[in-house]
Amino acid sequence: MCGIVGYTGRRQAAPILLDSLSRLEYRGYDSAGLAVRNGTALAEVVKATGKLYHLADKTDQGRALAGCCGIGHTRWATHGDPSVVNAHPHVSGNCSGSGSGAVESDVVGVHNGIIENYTELKDKLLRHGYAFYSDTDTEVAVKLVDYYYKKYKIGPVDAITRTMVRIRGSYALALMFKDYPDEIFAARKDSPMIIGTGEEESFLASDVPAILKYTRQVYYIGNLQVARVSPGKVAFFDLNGDENTIPLTEITWDAAAAEKGGYEHFMLKEIHEQPAAVRDTLNSIVKDGKIDLSGTGLTEETVRSVSKIDIVACGSAWHVGMAAQYVIEDLAGIPVRVELASEYRYRKIPMAEKTLVIVISQSGETADSLAALRVAKERGAETLAIVNVIGSTIAREADHVLYTLAGPEIAVATTKAYSAQLIATDVLAVYLALARGTVAEEEAAALLAELAEIPAKIERILEEKARLQWFSSKIANTHDIFFIGRGLDYAISLEGSLKMKEISYIHSEAYAAGELKHGTISLIENNTLVIGVLTQKELYEKTVSNMMECRSRGGYLMGITTNGNFSVEDSVNFTVYIPKSDEHFMASLAVVPLQLLAYYTSVNRGLDVDKPRNLAKSVTVE
Ligand code: AGP
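The structure contained in this document is the topic of the report that follows.

The rules behind these values
- Residues numbered from 1 in each chain as written.
- Predicted model: local features only at pLDDT ≥ 70, side-chain atom pairs only at ≥ 80, totals over all residues.
- Heavy atoms only, no water.
- Helix = DSSP H or I, 4+ residues; strand = E, 2+ residues; numbered from the N terminus.
- Contact = heavy atoms within 4.5 Å.
- Buried < 20%, exposed > 50% of the residue type's maximum accessible area, 1.4 Å probe, protein only.
- Pairing = 2+ DSSP bridges.
- Axes fitted to C-alpha atoms, helices over the stretch in contact; angles between N-to-C directions.
- Lys, Arg positive; Asp, Glu negative; His and termini not counted.
- Salt bridge = Lys/Arg side-chain N within 4 Å of Asp/Glu carboxyl O.
- Near = heavy atom within 4 Å.
- Polar contact = N/O pair within 3.5 Å; in protein donor to acceptor, adjacent residues only side chain to side chain.
- Areas by Shrake-Rupley, 256 points an atom, 1.4 Å probe, with all protein chains shown as cover.
- Nonpolar A, V, L, I, M, F, W, Y, C, P; charged D, E, K, R; others polar.
- Phe/Tyr/Trp six-rings, centres within 6.5 Å; stacked < 30°, edge-to-face > 60°.
- Core = buried A, V, L, I, M, F, W, Y, C linked by side-chain atoms within 4.5 Å.

**Things to note about the environment of Leu 370**
Item 1. Along the chain, Leu 370 turns up in helix H12 (residues 367-378).
Item 2. Once the C-alpha coordinates of Leu 370 and Ala 341 are considered, the two residues, 29 residues apart in sequence, prove to be 8.3 Å apart.
Item 3. Aside from chain neighbours lying at most four places away, what touches Leu 370 is Thr 393, Ile 394 and Glu 397.

This is how it looks when you write it as structure tokens:
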């Protein structure tokens, strides 16, 4: 995700825009840019890669940009690597270079979101004489607005509504038009945006923190609405161009709370961003019901020849690999080995012919995972990275890269990136199965339809979080927790256990349910909490039996199972029900209650949820 800002009013825009952007850096920080208009037809565009301070230095903290109307952007790359050329703002003119400097383009814009059909729109614009200087979907959107603006000559609102009808995806757009020097026009669909007003000045931003210093009076622009923002005044329009009214809202948050969008911690915010992270990742690789991995460079021919897959990662990313192993082996019939990167990098593993090594990493900078990638390449393996940070080292060094679109993840304990990685590996499993003929088209379509339902099912689970918050208060002082399951449920248990110990500091272990009796069950005593994950039908009874073995030794049992499976209440003390899905994909659902349980337990213990002791968000050392 990215951060967008806008200002028009009686003050110099650039310093305000930079200050506002500094409060949105958590939304993305691989490049940034400003466009400021000084009442004339010219807009001064300045862009810089890296963190925001580079842009601030480049513009002498904004003092070098004169003008009272402007827009700004801090980027989390989704299309096109982090670079000046790809940085926003983008312009409608067929300028050469990076679209920077004093530009007389009719339209200049910034965007947060994803234009899913940008390639077809780009082809249309190329046919109408447009040229492109960047790889971004945003430049396409800006030029499409310009196209309609020139074609119909009715004005900015009309040009924007026509564009909104044509584009598919999500967007928060802020645009300046040469003919309207002190106004900003905005449009929103699914990406966040708020518009604030003050005395003879108006503000626009992706999130409340950006403008809370300047005003607490904001409009929450609705989905598929357009706004005409002038100094101290805002008009709203619907897709038909008819004017609407939106109530002005008083923001009561304090500044710190606002950084988290009103959530108490980034982790809780990111748990709630999972439906969007899963949806955006899914939509980037499944289009109109068909898998499109062309962006990775993988071909069906390559995957047909693969004889073995090694999945290599650390921590939660390794847990994704453990889940993917079951799904890929079951659907595609390829043997999968999942290895800890810190082990893989030193093992003398004979590299079978045609091994595909998949490295999973949120940050794309984890030292062990990067080292393992390099070892795999030295041994002649084809490598695929599944990464959340565009342009990160692992992404750049792998032969192929599949980006997850979870947006920046601030909390040390991963949640939305984990879920985005899971869905990416699920789609990859279906792709492998289709290419190798182990799954027919109809079955693949049914599987993809199930995946498309996951975001809404996660939302349903999040609506029930109060029960987990209550249960966490009962276990806040427990000393040992065991998470058990079989098959995919074991992989889910691994992640549940890590989340719990990572942020609540309670000792916990994940165990293959069938393995407990080989020693560890000696640790079960009165009131030891045992959490059983029970989503796999054919293994359900077996895991319940293992849980009863713990209960007979004093264990206190919590079960996570699918809606309707009420028989579990005959065996366990506390049950959490989750929606049903194809069993291959149940990890995406069962993990959510475990994330919430860990989160609320940590909060109940009064700990620093977002920055747990001894940990770092990305372990870039061995
Ligand atoms: C998970 O909550 C932890 N933050 C940690 O295990 C993490 O998953 C691991 O360090 C791997 O990080 P990466 O995905 O950035 O490579």
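**A closer look at helix H1 (residues 13-22)**
Item 1. By the criterion of burial, H1 is predominantly enclosed, with eight of the 10 residues buried.
Item 2. Of the residues making up H1, those classed as buried are Ala 13, Ala 14, Ile 16, Leu 17, Leu 18, Asp 19, Ser 20 and Leu 21.
Item 3. Taken together, the buried residues of H1 touch strand S1 (3-8), strand S2 (31-37), helix H2 (52-58), strand S4 (69-75) and strand S11 (201-205).

**Quick word on the sheet that holds strand S20 (residues 336-340)**
Item 1. As summarised here, the arrangement of the five strands in space is S20-S19-S21-S22-S23, forming an open sheet in which the pairing is parallel. Pairing within the sheet leaves two strands with one partner each, and these edge strands are S20 and strand S23 (400-403). Across the sheet, the mean angle separating the axes of adjacent strands is 20° when strand polarity is ignored.
Item 2. Relative to S23, strand S22 (residues 382-387) runs parallel, the two being bridged by four bridges. Paired with Leu 384 across the two strands is His 400, which belongs to S23.

**Some remarks on the side chain of Lys 122**
Item 1. The topology assignment puts Lys 122 in helix H3 (residues 118-127).
Item 2. Notably, Lys 122 is buried but unbridged: the nearest opposite-charge side chain belongs to Asp 135, and the N-O separation is 5.4 Å.
Item 3. Contact partners of Lys 122, with chain neighbours within four places excluded, come to Phe 132, Ser 134 and Val 140.

**Considering the site of the ligand**
Item 1. Neighbouring the ligand are 14 residues; Ser 361, Gln 362, Ser 363, Thr 366 and Val 412 lie closest to it.
Item 2. A distance of 2.9 Å is found between an oxygen atom of the ligand and a backbone nitrogen or oxygen belonging to Thr 414.
Item 3. Taking Glu 502, its side chain carries an N or O atom lying 2.8 Å from an oxygen atom of the ligand.
Item 4. Relative to its unbound accessible surface of 410 Å², the ligand loses 91% to contact with the protein.
Item 5. Of all the elements in the fold, those that place two or more residues in the shell around the ligand are helix H10 (315-332) and helix H17 (488-504).
Item 6. Grouping the amino acids of the shell around the ligand by side-chain chemistry returns five nonpolar, seven polar and two charged.

**What to know about the packing of aromatic side chains**
Item 1. Per the stated rule, a full pass over the model turns up 14 aromatic pairs.
Item 2. Centroid distance Phe 203 to Tyr 214: 5.3 Å. Interplanar angle 15°. Geometry classified as stacked. Here Tyr 214 lies in the loop between S11 and strand S12 (217-219) and Phe 203 lies in strand S11, a separation of 11 residues in the sequence. Side by side, Phe 203 and Tyr 214 carry an identical accessibility label, which is buried.
Item 3. Taken together, a centroid distance of 5.2 Å and an interplanar angle of 70° make the contact between Phe 566 and Tyr 577 edge-to-face. Remark: Tyr 577 occurs in strand S28 (residues 574-578) and Phe 566 occurs in the loop between strand S27 (556-562) and S28; sequence separation between them is 11 residues.
Item 4. Accessibility expressed as a relative area gives 21% for Tyr 577, which makes it partly exposed.
Item 5. By way of ring pairs, the aromatic residues Tyr 149, Phe 177, Tyr 180 and Phe 185 are connected into one cluster.

**Things to note about the pairing of S11**
Item 1. For S11, the buried fraction is high: five of the five residues fall into the buried class.
Item 2. Of the two faces of S11, the one holding Glu 201, Phe 203 and Ala 205 and the one holding Ser 202 and Leu 204 are both buried throughout.
Item 3. Pairing analysis gives five bridges linking strand S10 (residues 194-198) to S11, with the strands arranged antiparallel. Residue pairing across strands places Gly 196 opposite Phe 203, the latter belonging to S11.
Item 4. Counting the residues between successive antiparallel strands, the hairpin from S10 to S11 contains two residues, one of them, Glu 200, with a positive phi of roughly 55°.

**Examining the nonpolar core**
Item 1. Judged by nonpolar contacts, the single largest core of 123 residues is most densely connected at Ile 309, Ile 311, Ile 328, Ile 358 and Met 558.
Item 2. For this core, the element with the highest residue contribution is helix H14 (residues 416-435), accounting for 12 residues.
Item 3. Each residue touching Ile 358, except ones within four places of it in the same chain, is listed here: Ile 309, Asp 310, Ile 311, Val 312, Leu 384, Ile 386 and Leu 428.
Item 4. Within the second largest apolar cluster, 29 residues are counted, among which are Val 107, Ile 115, Ala 159 and Leu 173.

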